[in-house]
Amino acid sequence: MELLQQKVKEDGVVIDGGILKVDSFLNHQIDAKLMHEIGKTFYETYKDENVTKILTIEASGIAPAIMAALHFDVPCLFAKKAQPSTLTEEVYQTDIHSYTKNKTNHVIISKKFLNENDRVLIIDDFLANGEAALGLYDLVDQAGASCAGVGIVVEKSFQKGYQRLIDKGLSVTSLCRIASLDNNQVTLVGE
Ligand code: 5GP
C-alpha cells in the first residue's frame with residue numbers, strides 16, 4: 001500500500017529499542033480514510049475465504065480491524081487485556097507479552113463470541129516478534145474456529161514474528177514491511 005508506506009516514511013519516528021512511533025495516523029490520532037483503505041485491502045486479499053469474524057487486540061488493533069469488519073460485513077471482536085466486572089460469562093484466555101511495554105498481559109474473549117463455525121481473520125497494527133498474533137491464534141484455536149490468515153498494517157521484517165506465523169502454517173499479509181530502523185532511519189523492504 002503506497003499511501004501507507006509513504007506515511008510510515010514521512011511521519012514515523014524511531015524511538016529506542018527498535019520501536020516505530022506512528023502516533024499521527026495509527027496509534028493515537030487515527031487517519032480514518034487511510035484505515036478505510038487498509039480495511040479494503042485486507043478485504044480484497046481474503047474476500048474468498050468465507051471470513052465470519054475479525055479478531056484483534058485492544059487498543060491499537062481496533063482501528064484497522066473495524067474497517068476490515070466493515071468491508072467484510074462481519075463483526076469485529078477484540079481481545080481484552082483485563083476482565084471487566086461486566087464480563088461475567090465464560091472466557092477463552094491466553095497470555096501475550098507486549099513488546100513495546102515489556103509486560104505480559106492476560107487477555108480474554110467471551111466464549112459466546114467465537115465458536116467452531118467461525119472463520120477468523122486476525123488483524124493487528126504491528127508485527128514484531130509475533131506474540132500478539134500467536135496469542136490471538138491461540139484464542140481462535142481454543143474456540144475450535146479456523147483462521148483465514150493474519151493481516152498486519154506494519155511488519156518489522158527484521159524481527160522473527162513473520163517466520164513464527166509462517167511456521168504455524170498461517171497466511172500473513174503485511175501492508176508495509178520495514179527492513180530496518182537502524183540509525184533512526186526507516187528503510188522499507190525492497191528499498
Ligand atoms: P509482537 O507481539 O509481534 O511482538 O508485537 C506486536 C505488538 O506490539 C503490536 O500489537 C503493537 O501494538 C506492538 N508493537 C510492536 N512493535 C511496535 C512498534 O515498533 N511500534 C508500535 N507502535 N507498536 C509496536
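Residues numbered from 1 in each chain as written. Predicted model: local features only at pLDDT ≥ 70, side-chain atom pairs only at ≥ 80, totals over all residues. Heavy atoms only, no water.

### Some words on the UniProt feature "binding site: 5-phospho-alpha-D-ribose 1-diphosphate" (unreviewed entry) in the protein
The feature "binding site: 5-phospho-alpha-D-ribose 1-diphosphate" (unreviewed entry), as annotated in UniProt, sits at Ala128, Asn129, Gly130, Glu131 and Ala132 in this numbering. Lining of the largest pocket among the annotated residues: Ala128, Asn129, Gly130, Glu131 and Ala132. Looking at where Ala128 falls in the secondary structure, it is placed in the loop between strand S7 (119–127) and helix H4 (131–142). The residues contacting Ala128, other than those within four sequence positions of it, are Tyr99, Lys156, Gln159, Lys160 and Gly161. Along the chain, Glu131 turns up in helix H4. Look at Glu131 and you get partly exposed, because its relative accessible area is 30%. With residues near it in sequence (within four places) discarded, Glu131 still touches Ile96, His97 and Arg164. (UniProt positions renumbered as here; feature names shortened; annotations may be inferred. 1 Å grid on protein atoms, 1.4 Å probe; cavity = no way out; pocket = protein on both sides within 12 Å on 5 of 7 lines; lining within 4 Å. Helix = DSSP H or I, 4+ residues; strand = E, 2+ residues; numbered from the N terminus. Contact = heavy atoms within 4.5 Å. Buried < 20%, exposed > 50% of the residue type's maximum accessible area, 1.4 Å probe, protein only.)

### As for the UniProt feature "binding site: xanthine" (unreviewed entry) in the protein
Taking the UniProt record as the reference, the feature "binding site: xanthine" (unreviewed entry) is found at Leu20, Asn27 and Lys156. In the annotated group above, the largest pocket draws its lining from Leu20, Asn27 and Lys156. Examined against the element boundaries, Asn27 turns out to sit in the loop between strand S2 (19–21) and helix H2 (32–46). Asn27 sits in the partly exposed class, given a relative accessible area of 27%. Residue contacts for Asn27: discarding those within four places in its chain leaves Val22, Ser60, Asp125 and Phe126.

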